[in-house]
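# Structural description and commentary
So the chains spell out like this:
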Protein chains: 2
Amino acid sequence: MKEKEFINIIKNTLNSKYIGDDCAYLEDLGIVITQDNLVENIHFSMKYTTPYQLGWKSVMVNISDVCASGAKPKYLTIALSLPKSIDTKFIEEFYKGAKDASKDLKIVGGDITSADKIFISVTAVGETKNRKISSRSNAKVGYKIIVSGEHGNSATGLKILQKTFSSEINKFTKAHLMPDAQRKFSEEIAENITCDYAMMDTSDGLGDALMQIAQASGKTIKVNTNDIPHDKTVNIETVLFGGEDYQLVAAVPSDILDKITNYSIIGQVVEGECGILIDGKFYSNIDDKIFNHFE
Amino acid sequence: MKEKEFINIIKNTLNSKYIGDDCAYLEDLGIVITQDNLVENIHFSMKYTTPYQLGWKSVMVNISDVCASGAKPKYLTIALSLPKSIDTKFIEEFYKGAKDASKDLKIVGGDITSADKIFISVTAVGETKNRKISSRSNAKVGYKIIVSGEHGNSATGLKILQKTFSSEINKFTKAHLMPDAQRKFSEEIAENITCDYAMMDTSDGLGDALMQIAQASGKTIKVNTNDIPHDKTVNIETVLFGGEDYQLVAAVPSDILDKITNYSIIGQVVEGECGILIDGKFYSNIDDKIFNHFE
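Predicted model, so just to flag it, every value in this text is computed and none were measured. Once a new chain begins, its residue numbering starts again from 1 and follows that chain's sequence as written. Throughout, the order in which chains and ligands are written sets their labels, letters from A for the former and numbers from 1 for the latter. Totals for whole chains, interfaces and linings use every residue, but because this is a predicted model, local features are given only for residues with pLDDT of at least 70 and side-chain atom pairs only at 80 or more, for both listing and counting. Side-chain numbers come from the whole structure's heavy atoms, not from hydrogens or water.

So, on to the overall build of chain A. Here a strand is any run of E in DSSP of at least two residues, a helix any run of H or I of at least four, and the numbering for each starts at the N terminus. In terms of helices and strands, chain A carries 8 helices and 12 strands. Relative to the compact-globule value of 19 Å for 295 residues, chain A shows a C-alpha radius of gyration of 19 Å, a close match. When its C-alpha atoms are laid out on the principal axes, chain A stretches across 55 × 45 × 40 Å. The proportion of buried residues among the 295 residues of chain A is 61%. Any pair of residues with heavy atoms lying within 4.5 Å of one another is described as a contacting pair. For chain A, contacts bridging at least 24 residues in sequence account for 84% of all contacts bridging at least 6. Note on areas: Shrake-Rupley with a 1.4 Å probe; residue coverage comes only from the protein chains shown. If you sum the accessible surface of chain A, you get close to 11600 Å²; carbon and sulfur atoms cover 46% of it. Under the counting rule used here, the positive set is Lys and Arg, the negative set is Asp and Glu, and His together with the chain ends is not counted. Charge coordinates come from a single atom per side chain, which is NZ of Lys, CZ of Arg, CG of Asp or CD of Glu. Across chain A, 33 positive and 40 negative side-chain charges occur, with their mean positions spaced 2 Å apart. Radius of gyration means the value over C-alpha atoms here, while the globule rule gives 2.2 Å times the residue count to the 0.38 power. Exposure classes here rest on a 1.4 Å probe applied to the protein chains alone. A residue is buried below 20% of its type maximum, exposed above 50%, and partly exposed in between.

The structure is reproduced here in structure tokens:
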């Protein structure tokens, strides 16, 4: 897998302790930071997103990464590279969407240049004060695996959009075009938990997040798919591997659960080989099930 | 000018006090943050840059923005979107260049995705502790205009590269391919100055930086081109408007000058209409002299 190979080369070249989690935790500054690129016709298509929705989603995927760290999302910068054909209406709608998605976060800067396709890069900064910061390597035997909401809706929404080009917003297309970062779930855990814990967002799929936590923590994560909240019309393969739902998945001790308003227990961390045990079937890797940008 | 028009729309849509300087100053977190995009065949060409040089310059332009704020450059994130044809050697060389340019800064994260052209977005974070942070609106009558070094070399280097495709590194091509952010000049001012001051880097040209400071501060900036350090083979038009030298230009009171090791006084801030007075000729705008990505 080229993407993983590239990341290994970057880690080796930089010899950095920071590369690993979705956010880098800069303890001396009391912040986390994360940055993501969205590229036209790779991550989105203007055939089925409006500029407003694109602005919304561009910032939300980064806010979601900050939520995964447990930090409080505070600031955003947005760097846009745009074709010369883009008009002022696009810019206005994009930033309206970005602003609405940001809610109490502030968009404080960025860049604007030209390009032949739309390139969007967003950086989000979170404050770590009064929050316990997660790491995917922190899952411990006995911890419960919990998720913040339904999985599989975004991938289902994308299929609908690709088939119909309809602008109709329903539960599935909304999950794909205008996801909501799980700020409350993140805040309730990070403000109340006192021990180390693991948390990720499910941007690359629930199965991938579980595998990442299992591998980084050196444990087996056991999951029962019946317990994963999902729409009954969506098949389990999509629920597990669909991606882009921007829900959170966490490995936490049971005693934190009464501080969380909404969650579903889908499994637990057990002793064993690195990997995930789904409905009794063990996977030491799921590379063939994950979308890879470089293949 | 479309770029300025877009920025005005963004300012109006966001109604944000932060948009204006190269870095956003986040006082509550004690940091500044800046983000820039570099797009293949717009900002650079693989015809005359190596992956190592590209990595170097990509981070340096952002370090330069942090230096312009007066903050201490600390952390970087790099988000790369790359064609599928890119090999591991490119990644390794790019990150070696980025690491060498970073010196004591740490590269702590980012993203890697595919694209059909190379798209690079870098975010830099600086710490504001024990530093006085600049603003381009802070120039006051009587302040001296000082610069950190020679102007016009980078634009001259680009012309040489475009003509010769030579990989020979001389003073001019080095200025273009591997600029050096002026950390020491920035540090000496920001750690010692006690009053408000203006500082910018000259990424978009010395003339543009002077105009931005003049307009934001509501003053006239008077400059004598004989005093601008430059190679004698480079014409004054290129010295003033060439861009990408990544030197610093500051408007500061005279009493700080004995704290700065290397500087040249090129002019001063005087009462008068917003604009720049170059060798006795007044300009209220220089839009026709500046490269605009959207035209």
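Turning our eyes to something else, we now look at the interface of chain B and chain A. One frequent convention defines the size of an interface as the accessible area lost when the parts assemble. On the chain A side, the residues contacting the 63 residues of chain B number 65 residues. With both sides pooled, the region where chain B packs onto chain A buries about 5500 Å², and carbon together with sulfur makes up 64% of that total. Among the salt bridges present, the one from A:Asp116 reaches B:Lys117, with a minimum N-O distance of 2.6 Å. Two N or O atoms count as a polar contact when they lie within 3.5 Å, although within protein this holds only if one can serve as hydrogen donor and the other as acceptor, and sequence-adjacent residues are included solely when both atoms are side-chain atoms. At the boundary of chain B with chain A, the tally comes to 22 residue pairs in polar contact (both at pLDDT 80 or more). Two parts placed together each lose some accessible area under a 1.4 Å probe, and adding up what both lose gives the buried area. Whenever Lys or Arg places a side-chain nitrogen within 4 Å of a carboxyl oxygen from Asp or Glu, that contact is recorded as a salt bridge.

Moving on, we come to the relation of the copies chain B and chain A. Least-squares fitting of one copy onto the other uses the C-alpha atoms of those residues that reach a pLDDT of at least 70 in both copies. Aligned on chain A, chain B shows an RMSD of 0.0 Å; the corresponding rotation is 180 degrees and the shift along the axis is 0.0 Å. Such a combination of rotation and displacement between the chain copies is what one expects of a two-fold axis. For chain B, the minimum C-alpha distance to the rotation axis belongs to B:Ser121 and amounts to 3.2 Å. Looking at the interface residues of chain B, 100% of them are also at the interface in chain A, so both copies use one shared face.

Before going further, it helps to examine the sheet that holds strand 11 (residues 275–278) of chain A. All names here are of chain A. Each pair of strands is called paired provided DSSP finds at least two bridges between the two strands. Taking strand neighbours across the sheet as the criterion, the 7 strands line up as 7-9-6-10-8-11-12 in an open arrangement whose pairing is mixed. Both outer strands of the open sheet, strand 7 (198–201) and strand 12 (281–283), are each paired with one neighbouring strand and no more. Across the sheet, the mean angle separating the axes of adjacent strands is 20 degrees when strand polarity is ignored. Direction of pairing for strand 11 relative to strand 12: antiparallel, over a ladder of 3 bridges. Its bridge partner being in strand 12, Ile276 is matched across the sheet by Tyr283. Sheet strands touched by helix 7 (residues 206–217): strand 6 (144–147), strand 7, strand 8 (220–223), strand 9 (248–252), strand 10 (264–270), strand 11 and strand 12. Its angle to strand 11, the strand with the most contacts, is close to 130 degrees. Here an axis means a line fitted to C-alpha atoms, over the contact stretch when the element is a helix, while the angle between two N-to-C directions is reported on a 0 to 180 degree scale.

Let us now look at the confidence of the model for chain A. Per residue, pLDDT measures the predictor's confidence, with a range of 0 to 100. The predicted model of chain A averages 94 in pLDDT, with 98% of residues at 70 or higher. Predicted as a complex, the structure gets a pTM of 0.94 and an ipTM equal to 0.93.

We now examine the packing of aromatic side chains. Residues and elements named next belong to chain A. A pair of aromatic rings is counted whenever rings of Phe, Tyr or Trp (Trp by its six-membered ring) have centres within 6.5 Å, and the orientation is called stacked for planes under 30 degrees apart, edge-to-face for over 60 and tilted otherwise. Under the defined criterion, the tally for this structure stands at 5 aromatic pairs over all chains. Here the aromatic rings of Phe90 and Phe94 are separated by 6.1 Å at their centres, their planes lie at 15 degrees, and the arrangement is stacked. Of this pair, Phe90 and Phe94 both sit in helix 3 (residues 88–102), 4 residues apart, which is roughly one turn of that helix. When its relative accessible area of 0% is taken as the criterion, Phe94 is described as buried. Among the aromatic residues, ring-to-ring pairing joins Phe90, Phe94 and Tyr95 into one connected group.

This part is about the domain arrangement of chain A. Residue and element names in this part refer to chain A. Domain boundaries in chain A define domain 1 (22–127) and domain 2 (136–289). Each of domain 1 and domain 2 was reduced to a C-alpha centroid, and the two centroids are 23 Å apart. The partner domain 2 presents 23 residues to the 23 residues of domain 1 that form the contact. Together, Tyr48, Lys57 and Cys67 form the three largest contributors to the area buried by domain 1 at its contact with domain 2, with a combined 33%. The interface formed by domain 1 and domain 2 contains 4 salt bridges. The partner of Asp180 in a salt bridge is Lys103, and the shortest N-O contact between them spans 3.8 Å. Connecting domain 1 to domain 2 are 10 residue pairs in polar contact (both at pLDDT 80 or more). Elements with a contribution of two residues or more to the side of domain 1 that touches domain 2: helix 2 (51–69) and helix 3. Looking at which element gives the most residues to the side of domain 1 that touches domain 2, the answer is helix 2, with 12 residues. Here the term charged refers only to Asp, Glu, Lys and Arg, the term nonpolar to Ala, Val, Leu, Ile, Met, Phe, Trp, Tyr, Cys and Pro, and the term polar to all other amino acids, Gly among them. Looking at the side of domain 1 that touches domain 2 residue by residue, the classes come out as 11 nonpolar, 6 polar and 6 charged. Domain boundaries shown here were taken from an automatic or database domain assignment.

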